[in-house]
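Structural characterization, general
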Amino acid sequence: MVGLGIGLGSVQLIPMLELVTRSFREGSVTFQDVIGWAYPSRQAVTFLVPDFFGNPAHHGYWDLISRQWQPAERIFWGIKNYVEAGSYVGILPLLLAVIAVIGAFRSREHRRHIVFFAALAIVSLLLGFGTPLYALLYYGLPGIKQLHSPFRWVFPYTLSIALLAGFGVKRLMALRRAYGVDEAGAARHPKVYRPWVSILTWGAIWGGLALLAGLLVVLVAPEPLVPLADRFLAAVEQAGQAFSSGEMFLSYQWRNLLIFALMLTASGIVLRVSRCPIYLPIPRHPEGRVPVWQPLAVIVVAVDLL
């Protein structure tokens, strides 16, 4: 089977080997050039707030001062282009991934898979941000010098988070069974829900609500923050090219933080509802019903990513 696989794969492997040995990309740039094309450290904020550096598809914003919609030609001050810098997977998947990883230390179920994909996610981030780890890849593997885009490692990162989120869902389902929720909603073993689950749940809910409260204060009285936004634009040249005033910057980021706060709160609510005996009737479902937190989780992720 190995020989057959290599034989069939040689249809692509042999031309690829020839390309690797003859490509003009070999040695065309230095290691420092390649590292310069990796994610800068500031890009980490987009893993939680994807439009922090703007979005080329946005041609306007709601002004906090005038309370009116204001047109804008282009709002973007990020690296490269918006698509290649995209790394957002949603807030709830990140929380579910954390549940999967922490749960792996307490349960043997899927532990090897969870550890593997957690390690892959971490390594992908280290490579994507151009840390010294990329040097091992660059100098250690033949043909890697022809790859000029460290940020492409965002692909295995997003794959890993998606799979870890799935394992996180399975962990919540296991906790429900141990908690007794699936048996007439009887809370027989309340201590099964470990403190780390409650901390994550309530941290998301109260953190989101606190941010919403702060944004409400800014909505009522935005004027005191405009001078701070002006100073930020004066200090960061790239931001000054995308925003004409501190008022515009404050208004645009207020929207971004509002979305983050809403999604953080909604994600925490999903985690809290996951331990409640609430079901949704599904006529053609094998069991005739599903826990309401499952379709709620799908809705929250879909709305978040949209």
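Bear in mind the structure is a predicted one, so any value in this text is a computation, not a measurement. Here the residue numbers are simple positions, counted from 1 along each chain's written sequence. Only residues with pLDDT of 70 or above have their local features reported here, since the model is predicted, and side-chain atom pairs are shown and tallied only from 80 upward, although totals for entire chains, interfaces and linings are computed over all residues. Computation of side-chain values: all heavy atoms of the structure, hydrogens and water removed.

Moving on, we come to the overall build of the protein chain. Secondary structure counts use DSSP, requiring at least four H or I residues in a row for a helix and at least two E residues in a row for a strand, with both numbered from the N terminus. If you tally the helices and strands in the protein chain, you get 11 helices and 6 strands. For the protein chain, the spread of C-alpha atoms along the principal axes amounts to about 65 × 65 × 35 Å. Working definition: with a 1.4 Å probe on protein chains only, accessible area under 20% of the residue-type maximum means buried, over 50% means exposed, and in between means partly exposed. Looking at the protein chain as a whole, 39% of its 306 residues qualify as buried. Two residues qualify as a contact provided that any one of their heavy atoms is within 4.5 Å of a heavy atom in the partner residue. Across the protein chain, contacts joining residues at least 24 apart in sequence account for 69% of those joining residues at least 6 apart. Accessible surface computed for the protein chain: about 17,300 Å², of which carbon and sulfur atoms make up 68%. Counting rule applied: Lys, Arg positive; Asp, Glu negative; His and chain ends not counted. Charge positions come from single atoms, namely NZ of Lys, CZ of Arg, CG of Asp or CD of Glu. Charge separation in the protein chain, taken as the distance between the mean sites of 25 positive and 16 negative side-chain charges, equals 15 Å. In these tables, accessible area is a Shrake-Rupley quantity obtained with a 1.4 Å probe, and a residue counts as shielded only by the protein chains included in the view.

A few words on the packing of aromatic side chains. Note on aromatic contacts: the rings of Phe and Tyr and the six-membered ring of Trp form a pair at centre separations within 6.5 Å, being stacked when their planes are under 30 degrees apart, edge-to-face when over 60 apart, and tilted otherwise. Per the stated rule, a full pass over the model turns up 19 aromatic pairs. Seen in terms of ring centroids, Phe 116 and Phe 117 are 5.0 Å apart; in terms of plane orientation they differ by 80°. Their pairing is edge-to-face. Its relative accessible area of 16% is what places Phe 117 among the buried residues. Clustering of aromatic rings is evident, with ring pairs tying together Phe 52, Phe 53, Trp 77, Phe 232, Phe 243, Phe 249 and Tyr 252. In our convention, an over-ring charge means Lys NZ or Arg CZ found within 6 Å of a ring centre and within 35 degrees of that ring's normal. When the ring centre of Phe 53 is taken as origin, the NZ or CZ atom of Arg 42, which lies over that ring, is 4.7 Å away. Just above the ring of Tyr 279 sits the side chain of Arg 289; from NZ or CZ to the centre is 3.7 Å.

The subject of this paragraph is the environment of Arg 111. When you line up the elements, Arg 111 lands in helix α4 (residues 111-128). When its relative accessible area of 31% is taken as the criterion, Arg 111 is described as partly exposed. Taking the C-alpha atoms as reference points, Arg 111 and Leu 271, 160 residues apart in sequence, are found 21 Å from one another. Pairing of N or O atoms within 3.5 Å defines a polar contact, subject to two protein rules: one partner must be a possible hydrogen donor and the other a possible acceptor, and residues neighboring in sequence count only if both atoms are side-chain atoms. Here Ala 104 takes part through its backbone oxygen, which lies 2.8 Å from a polar atom of the side chain of Arg 111.

The patches reported here contain residues having more than 30% relative accessible area and no salt bridge. Joining distances are 9 Å for like charges and 5 Å for nonpolar side chains (Val, Leu, Ile, Met, Phe, Trp, Tyr). A side-chain nitrogen of Lys or Arg and a carboxyl oxygen of Asp or Glu constitute a salt bridge if their distance falls within 4 Å. A surface patch of nonpolar side chains, amounting to about 420 Å² of accessible area, comprises Ile 122, Val 123, Leu 126, Leu 133 and Leu 136. Ranked by the residues each element gives to the nonpolar patch, the list is headed by α4, at 3 residues. In this fold, Leu 136 is placed in helix α5 (residues 133-140). Leu 136 sits in the exposed class, given a relative accessible area of 63%.

A word on the nonpolar core. Proteins that are soluble and globular tend to have nonpolar side chains buried together. Ile 91, Leu 92, Leu 96, Ile 99, Leu 172 and Leu 271 are the most contacted members of the largest nonpolar core, which has 23 residues in total. Contributing elements (two or more residues each) for this core: α3 (91-104), α6 (154-179), α7 (195-220), α10 (246-273) and α11 (293-305). No other element matches the 6 residues that α10 contributes to this core. Those residues in contact with Leu 96 that lie beyond four places of it in its chain are Leu 164, Ala 165, Gly 168, Val 169, Leu 172 and Leu 271. In plain words, nonpolar cores are sets of buried Ala, Val, Leu, Ile, Met, Phe, Trp, Tyr and Cys residues tied together by side-chain atoms within 4.5 Å. Ala 72, Leu 233, Met 248 and Leu 250 belong to the second largest nonpolar core, which has 20 residues in total.

Turning our eyes to something else, we now look at the pattern of salt bridges. Counted by the stated rule, this structure contains 3 salt bridges. In this structure, Arg 255 engages Asp 51 in a salt bridge whose closest nitrogen and oxygen atoms are separated by 3.8 Å. Residue Arg 255 is located in helix α10, and its partner Asp 51 is located in the loop between α2 (31-36) and β1 (54-55); the two are separated by 204 residues in the primary sequence. Looking at Asp 51, the relative accessible area reads 9%, which means it is buried. For Arg 152, the salt bridge identified is with Glu 84, shortest N-O distance 3.2 Å. In this pair, Arg 152 is assigned in the loop between α5 and α6 and Glu 84 in the loop between β4 (75-76) and α3, connecting sequence segments 68 residues apart. For Glu 84, a relative accessible area of 24% puts it in the partly exposed group.

Here a cavity denotes a set of grid points, spaced 1 Å apart and computed over the protein atoms alone, in which a 1.4 Å probe fits but from which it cannot get out, and a pocket denotes an open set meeting protein on both sides within 12 Å along at least five of seven lines; residues with an atom within 4 Å of a point are reported as lining. Grid points are joined across faces, edges and corners, and a volume is the space filled by probe spheres set on the points. In this structure the tally under the stated criterion is 2 cavities of 30 Å³ or more. If you add up the space inside the largest cavity, you get close to 100 Å³. For the largest cavity, the full set of lining residues is Ile 99, Ala 100, Gly 103, Ala 104, Ser 107, Glu 109, His 110, Ile 114, Phe 167, Lys 170, Arg 171 and Ala 174. Taken together, the elements giving at least two residues each to the lining of the largest cavity come down to α3 and α6. Each residue gets one label: Ala, Val, Leu, Ile, Met, Phe, Trp, Tyr, Cys and Pro are nonpolar, Asp, Glu, Lys and Arg are charged, and the others, such as Gly, are polar. Taken together, the residues of the lining of the largest cavity break down into 6 nonpolar, 3 polar and 3 charged. Of the pockets and cavities examined, the second largest cavity occupies roughly 40 Å³. Taken together, Tyr 39, Phe 47, Ser 124, Leu 125, Gly 128, Phe 129, Trp 153, Val 154 and Tyr 157 make up the full set of residues lining the second largest cavity. If you list the elements that add at least two residues to the lining of the second largest cavity, you get α4 and α6.

Inspection of helix α8 (residues 226-235) places Val 226, Ala 229 and Leu 233 among the buried residues, and these make up the whole buried set. Viewed along the axis of α8, the buried residues span an arc of 60°, placing them on a single side of the element. Exposed side of α8, more than 90 degrees from the buried face: Arg 231, Ala 234 and Ala 235 are the residues found there. Buried-residue contacts for α8 involve α9 (237-242) and α10. Working definition: the arc comes from the directions between the helix axis and the C-beta atoms, pointing outward to the latter.

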